[in-house]
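# Secondary and tertiary structure notes
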Amino acid sequence: MNTPNDNMRYEIRFKGHLGQNTLIWFEGFTVAYSPAGETILCGPLVDQAALDGMLQRICDLGLSLTLFRQLDE
């Protein structure tokens, strides 16, 4: 069983500033906007299946991914 401490945190960046309707799909992630015009999401993914689901969601939404990385603890 995974506990919150087992979750790996990720940073995900997209081209452009995502609107509230799109951000609904990323519940549990914090949102920031860079001056360079990117949306920055940070948050946990509990396991490999959640990671795969996140990548599929990004693809399904047709978002321009610029960075997807695991953050150091």
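You'll find the structure just up there.
Here's what I pulled together on the structure shown here. (Residues numbered from 1 in each chain as written. Predicted model: local features only at pLDDT ≥ 70, side-chain atom pairs only at ≥ 80, totals over all residues. Heavy atoms only, no water.)

### Points about the sheet that holds strand β2 (residues 30-33)
The strand order across the open sheet formed by 4 strands is β2-β3-β1-β4, and the pairing between neighbours is antiparallel. Each of the sheet's edge strands pairs with one partner strand only, and the pair in question is β2 and β4 (65-70). Averaged over neighbouring strand pairs, the angle between their axes works out to 15 degrees when direction is ignored. Bridging between β2 and strand β3 (residues 38-45) involves 4 bridges; their strand directions are antiparallel. Each residue of the ladder has a partner; that of threonine 30, found in β3, is cysteine 42. Here helix α2 (residues 48-61) sits on the sheet and contacts β1 (8-15), β3 and β4; the angle it forms with β4, its principal contact strand, is near 175 degrees. (Pairing = 2+ DSSP bridges. Helix = DSSP H or I, 4+ residues; strand = E, 2+ residues; numbered from the N terminus. Axes fitted to C-alpha atoms, helices over the stretch in contact; angles between N-to-C directions. Contact = heavy atoms within 4.5 Å.)

### Side note on a nonpolar patch on the surface
Taken together, the side chains of Ile24, Trp25 and Leu61 present a nonpolar region at the surface, about 330 Å² in accessible area. Following the sequence through the fold, leucine 61 ends up in helix α2. (Patch = residues over 30% accessible without salt bridge, like charges linked within 9 Å, V, L, I, M, F, W, Y side chains within 5 Å. Areas by Shrake-Rupley, 256 points an atom, 1.4 Å probe, with all protein chains shown as cover. Salt bridge = Lys/Arg side-chain N within 4 Å of Asp/Glu carboxyl O.)

### Comments concerning the packing of aromatic side chains
Scanning the model with the defined rule gives 2 aromatic pairs in all. Pairing tyrosine 10 with phenylalanine 68 gives two aromatic rings, centres 5.6 Å apart and planes at 55 degrees, and the pair type is tilted. With tyrosine 10 in strand β1 and phenylalanine 68 in strand β4, this residue pair connects regions lying 58 residues apart in the sequence. For tyrosine 10, a relative accessible area of 10% gives the class buried. With a centroid separation of 5.8 Å and 45 degrees between ring planes, the pair formed by phenylalanine 14 and phenylalanine 26 is classed as tilted. Within this pair, whereas phenylalanine 14 is found in strand β1, its partner phenylalanine 26 is found in the loop between α1 (20-23) and β2, the two being separated by 12 residues in sequence. Judged by relative accessible area, which is 0%, phenylalanine 14 ranks as buried. The exposure class assigned to phenylalanine 26 is buried, which follows from its relative accessible area of 2%. (Phe/Tyr/Trp six-rings, centres within 6.5 Å; stacked < 30°, edge-to-face > 60°. Buried < 20%, exposed > 50% of the residue type's maximum accessible area, 1.4 Å probe, protein only.)

### Description of the pattern of salt bridges
Enumeration over the complete set of coordinates arrives at 3 salt bridges. Notably, a salt bridge pairs arginine 13 with glutamate 11, separated by 2.5 Å at the nearest N-O pair. Of the residues examined, arginine 13 reaches a relative accessible area of 23% and is grouped as partly exposed. For the salt bridge of glutamate 11 with arginine 69, the shortest nitrogen-to-oxygen distance reads 2.6 Å. Here arginine 69 lies in strand β4 and glutamate 11 lies in strand β1, a separation of 58 residues in the sequence. Its relative accessible area of 5% is what places glutamate 11 among the buried residues. Of the residues examined, arginine 69 reaches a relative accessible area of 40% and is grouped as partly exposed. It is possible to trace a salt-bridge network through shared partners that takes in Glu11, Arg13, Glu38 and Arg69.

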